[in-house]
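In case you want the letters, here they are:
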Amino acid sequence: MASPRDWQSQPAPAWTQPRVGNHPIHGHRYTSREFFALEWENMWTRVWLLLGRESAMPNAGDYQVEDVGHESFILIRQADGVIRAFYNVCRHRGTRLLKTPQGNLGDALTCPAHGWGYRADGTICEARGEFRQGHPCDGLQLVEVPCDTFIGFVFINMDPDCVPLREFLGPIGKDWPNYHPENWMRYSALTARMPCNWKVIQDNFHESYHLLTVHPELTVSIDEHYSTTQF
């Protein structure tokens, strides 16, 4: 894995200016359960998702639990320093293994339902009881998902055939190291659950058109200049 310095030594390529169309975005994209299901199947489960910071898991066995939609994932720092990610699901009866957001596994991760134990690398180490028809869990291990890190951030992808993270990031992979995010610290976090489609929140944070009206004090921090059009 290349270090941040390696990426900084390469000049960032020019950003391709996408052709912006002029078409309406109909309201059903925000209200349709069918459209939401298509987004989950064709987008959320196929892209790299930012789930955490490496600095939150500094020691071997440190873990962080993150939920995405109806799925839950465990990010675990391994003995060799690499962070790996697994579905937060026991292979026995599908019990959610961890409910606390972060901590350290200690010797093993134990299922709260039937006591099956797993090591930090996802392999099973204990199954309580005797089984007359033979050991049922030989070769079983937690289901792993692709996981990679970039300048301190931890990403996962639910698609086992996904492209590498650096390829997915495109020009961001060479541009962002210039801001030294590997040194950033997370001081606060806020989770708000609202009865709305996810795109409502994304729309609000991805456009600056509302700043002139709602946050005029912030307009000095953007390069865009707006003029008023009278009709």
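The structure under discussion appears in the preceding block.
Asker: Got a minute to help me understand the overall build of the chain in this structure?
Answerer: For the chain, the count of helices and strands is seven helices and eleven strands. Going through the 231 residues of the chain one by one, you find that 31% of them count as buried. In the chain, once contacts between residues fewer than 6 apart in sequence are set aside, the share between residues at least 24 apart is 53%. Of the roughly 16200 Å² that the chain leaves accessible, carbon and sulfur atoms contribute 52%.

Asker: Where do I start with the sheet that holds strand β6 (residues 109–110) in this structure?
Answerer: Through backbone hydrogen bonds, the strands of a sheet pair up, either in parallel or in antiparallel fashion. In space, the three strands of this open sheet follow the order β6-β7-β8, with antiparallel pairing throughout. Every interior strand has two partners, whereas the edge strands, β6 and β8 (124–126), have only one. Relative to β8, strand β7 (residues 117–118) runs antiparallel, the two sharing two bridges. Counterpart to Gly117 in the pairing with β8 is Glu126.

Asker: Any chance you could explain the pattern of salt bridges here in plain terms?
Answerer: Side-chain pairs of opposite charge can arise whenever the charged atoms involved come near each other. Under the criterion given, the structure shown has five salt bridges. Where Lys199 meets Glu39, a salt bridge forms, and the shortest distance between an N and an O atom there is 2.8 Å. Residue Lys199 is located in helix α6 (residues 198–206), and its partner Glu39 is located in helix α3 (residues 33–44); the two are separated by 160 residues in the primary sequence. Of the residues examined, Lys199 reaches a relative accessible area of 11% and is grouped as buried. For Glu39, a relative accessible area of 10% gives the class buried. Glu54 is the partner of Arg77 in a salt bridge, and the nearest nitrogen-oxygen pair spans 3.8 Å. Taken together, the positions of Arg77 in strand β3 (residues 71–77) and Glu54 in the loop between β1 (49–53) and β2 (62–68) put the pair 23 residues apart, joining distant regions of the chain.

Asker: What's the story with the sheet that holds strand β4 (residues 83–87) in this structure? I'm lost.
Answerer: A sheet is described by the order of its strands in space; here five strands give the open sequence β5-β2-β3-β4-β9, paired in antiparallel fashion. For this open sheet the edge positions go to β5 (102–104) and β9 (144–145), each flanked by a neighbour on one side alone. Pairing between β4 and β9: two bridges, direction antiparallel. Counted as the bridge partner of Ala85 is Val145 from β9.

Asker: Sorry, what's going on with the side chain of Gln64 here?
Answerer: Here Gln64 shows up in strand β2. Overall, the relative accessible area of 4% leaves Gln64 in the buried class. Of the polar contacts made by the side chain of Gln64, one reaches the side chain of Glu66; its length is 2.7 Å.

Asker: Please explain the layout of surface pockets as it appears in this structure.
Answerer: A water-sized probe rolled over the atoms picks out the places where empty space is left. What the largest pocket holds in volume is close to 2500 Å³. For the largest pocket, the lining is made up of 48 residues, of which Glu66, Asp67, Val68, Thr191 and Ala192 are closest to its centre. Taken together, the elements giving at least two residues each to the lining of the largest pocket come down to α2 (28–31), α3, β1, β2 and α6. Residues of the lining of the largest pocket, tallied by class, amount to 26 nonpolar, 14 polar and eight charged. For the second largest pocket, the calculated volume is near 230 Å³. Lining the second largest pocket are Leu50, Phe150, Ile151, Phe153, Phe155, Phe168, Leu169, Ile172 and Trp176. Looking at the lining of the second largest pocket, its residues break down into nine nonpolar, no polar and no charged.

Asker: Even after reading the chapter, I still don't get the pairing of β3, so can you show me in this structure?
Answerer: Looking along a regular strand, one sees side chains alternate from face to face of the sheet. Most of β3 is tucked away: six of the seven residues are buried. Summarising the sheet, β2 and β3 pair through six bridges and their orientation is antiparallel. From the neighbouring strand, Val65 faces β3, where its bridge partner is Ile74. Adjacent in sequence and paired antiparallel, β2 and β3 are bridged by two residues, among which Gly69 carries a positive phi angle near 60°. Note: β3 against β4, five bridges, orientation antiparallel. Each bridged residue has a counterpart across the sheet, and for Ile74 the counterpart in β4 is Phe86.

Asker: Whenever I open this one, a nonpolar patch on the surface confuses me. Can you help?
Answerer: Judged by side-chain polarity, Met194, Val200, Ile201 and Phe205 come together as a nonpolar surface patch covering roughly 410 Å² of accessible area. Within the secondary structure, Met194 is located in the loop between α5 (172–175) and α6. By relative accessible area, which is 51% here, Met194 ends up exposed.

Rules behind the numbers
- Residues numbered from 1 in each chain as written.
- Predicted model: local features only at pLDDT ≥ 70, side-chain atom pairs only at ≥ 80, totals over all residues.
- Heavy atoms only, no water.
- Helix = DSSP H or I, 4+ residues; strand = E, 2+ residues; numbered from the N terminus.
- Buried < 20%, exposed > 50% of the residue type's maximum accessible area, 1.4 Å probe, protein only.
- Contact = heavy atoms within 4.5 Å.
- Areas by Shrake-Rupley, 256 points an atom, 1.4 Å probe, with all protein chains shown as cover.
- Pairing = 2+ DSSP bridges.
- Salt bridge = Lys/Arg side-chain N within 4 Å of Asp/Glu carboxyl O.
- Polar contact = N/O pair within 3.5 Å; in protein donor to acceptor, adjacent residues only side chain to side chain.
- 1 Å grid on protein atoms, 1.4 Å probe; cavity = no way out; pocket = protein on both sides within 12 Å on 5 of 7 lines; lining within 4 Å.
- Points joined across faces, edges and corners; volume = space filled by probe spheres on them.
- Nonpolar A, V, L, I, M, F, W, Y, C, P; charged D, E, K, R; others polar.
- Patch = residues over 30% accessible without salt bridge, like charges linked within 9 Å, V, L, I, M, F, W, Y side chains within 5 Å.

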